[in-house]
Amino acid sequence: MARTTRTKRDFLRVTDLDRSELLELIERAAEWKLLGKGGPRPLERMTIGLVFEKASTRTRVSFEVAAYQLGGNAMLLSKADTQLGRGEPVPDTARVLARYLDALVIRTFEHEKLEEMARYADVPVVNALTDSSHPCQVLADLLTVTERFGADALSRGGLSVAWIGDGNNMANSWLEACALLGFDLRIACPEGYDPDPKLVARAGGRARVVRRPAEAAEGAHVVNTDVWASMGQEAEAEERRRKFAGFVVDEALMKRARPNAIALHCLPAHRGEEITDAVMEGPQSAVFDEAENRLHAQKALLELLLAGR
Ligand code: CP
Ligand code: NVA
């Protein structure tokens, strides 16, 4: 059985970086943002494969553009167009793709499938979202936080973050960031929709699960939310709408937070459900900067994984 022979680094979860690597990556992402389309081309002659088994607008486009701007190429490999969709085993697919490609960016359902890809592909594997995590989004979110609250916002202490709604893949990845960076994270979700308790425990007291959105938002710098029904949970949407009825990021909830607080949403949003139009379009909304920052954060990530910087 062929296994990894050369040294490679994956990014399957936020904690695949250590604290200083994460802080440096966010700093580097800010530099890439200033460079615009210019700057070095560390991916010259490299091709990254985007193995996507779920829909995507931001992640797919930002990775493609990031690869091109870094001097490389990107190739979309959707389930429908590859033999994966017809049942070719993951270990075979991973080993074959690694013979052509320099990195694999994977969006799938079970996290275990991503891990299996990473075990068998001897090129870096990046998590572009699974049912249990979405670390690339959190990189962009953290960059957005530093833009609004200062370059040292993540390292100086005192940052307070509220998560409102489902304890989903995004909440889990925020918990991992909390474990590394030590900010206060309050997650308000209805009973039965908590994030992964192991990740709450690993955050070591800096993260708390509460039941009232107002308690989470009180004095927060960042009020963050996401859809109530994630991809793959469409059949539960109606039930979730009932259960999450009080977990809306609206202007009243934003008033609980600091006057200069920002509202984040990884998008796509269901306006009028988890977030109101008024907040999305209001002065505290940072959601479109957040979306743009996917590109800059992923340029820093690809540079780190493929060029060692
Ligand atoms: N936020 C995010 O990952 O968006 P897409 O599903 O459009 O990639
Ligand atoms: N929690 C959402 C995030 C989409 C980017 C989902 O998994 O569908």
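The structure this text deals with has already been given above.
This is a predicted model, so every value here is computed, not measured.

Caption draft 1: The pattern of salt bridges, seen in detail. Throughout the structure, instances matching the rule amount to 27 salt bridges. For the salt bridge of Glu31 with Arg28, the shortest nitrogen-to-oxygen distance reads 2.6 Å. Placement of the pair is Glu31 and Arg28 together in helix H1 (residues 19-35), with a separation of three residues, close to one helical turn. Each of the salt bridges in this network shares a partner with another, and the network as a whole consists of Arg13, Asp16 and Glu115.

Caption draft 2: The arrangement of the sheet that holds strand E3 (residues 103-107) in detail. If you walk across this open sheet you meet the four strands as E2-E1-E3-E4, and the pairing is parallel. Since the sheet does not close on itself, it has two edges, and those belong to strand E2 (73-78) and strand E4 (125-127), each with one partner. For this sheet, the mean angle separating the axes of adjacent strands, direction not counted, is 20°. By the bridge criterion, three bridges tie E3 to E4 in an arrangement that is parallel. Bridging from a neighbouring strand, Val105 pairs with Val126 of E4.

Caption draft 3: Spotlight on the packing of H1 against helix H12 (residues 287-307). It is at 8 Å that the axes of H1 and H12 come closest, and there the two elements cross at 115°. Crossing of H1 over H12 shows right-handed handedness. Between H1 and H12, the residues in contact are Leu25, Arg28, Ala29, Trp32 and Lys33 and Glu292, Asn293, His296, Ala297, Lys299, Ala300, Leu301, Glu303 and Leu304, respectively. When its residues are assigned to classes, the contact of H1 with H12 shows seven nonpolar, two polar and five charged.

Caption draft 4: Quick look at the site of ligand 2. Neighbouring ligand 2 are the residues Leu129, Asn168, Asn169, Asp226, Val227, Ser230, Met231, Cys266 and Leu267. Note that a nitrogen atom of ligand 2 is positioned 2.6 Å from one of the side-chain N or O atoms of Asp226. Contacts to ligand 2 include Ser230, whose side-chain N or O atom sits 2.7 Å from a nitrogen atom. Here ligand 2 has 270 Å² of accessible area as a free molecule, and 94% of this is covered by the chains. Grouping the amino acids of the shell around ligand 2 by side-chain chemistry returns five nonpolar, three polar and one charged.

Caption draft 5: Seen up close, the environment of Ile275. Within the fold, Ile275 resides in the loop between strand E9 (262-265) and helix H11 (277-281). According to the relative accessible area criterion, Ile275 is buried, its value standing at 0%. Sequence spacing of Ile275 and Ser62 is 213 residues, and the spatial spacing of their C-alpha atoms is 24 Å. Apart from the residues within four sequence positions on either side, Ile275 is in contact with Thr225, Val248, Val249, His265, Ala269, His270 and Met280.

Basis of the calculations
- Residues numbered from 1 in each chain as written.
- Chains lettered and ligands numbered in written order.
- Predicted model: local features only at pLDDT ≥ 70, side-chain atom pairs only at ≥ 80, totals over all residues.
- Heavy atoms only, no water.
- Salt bridge = Lys/Arg side-chain N within 4 Å of Asp/Glu carboxyl O.
- Helix = DSSP H or I, 4+ residues; strand = E, 2+ residues; numbered from the N terminus.
- Pairing = 2+ DSSP bridges.
- Axes fitted to C-alpha atoms, helices over the stretch in contact; angles between N-to-C directions.
- Left-handed = near helix turned anticlockwise from the far one by under 90°.
- Contact = heavy atoms within 4.5 Å.
- Nonpolar A, V, L, I, M, F, W, Y, C, P; charged D, E, K, R; others polar.
- Near = heavy atom within 4 Å.
- Polar contact = N/O pair within 3.5 Å; in protein donor to acceptor, adjacent residues only side chain to side chain.
- Areas by Shrake-Rupley, 256 points an atom, 1.4 Å probe, with all protein chains shown as cover.
- Buried < 20%, exposed > 50% of the residue type's maximum accessible area, 1.4 Å probe, protein only.

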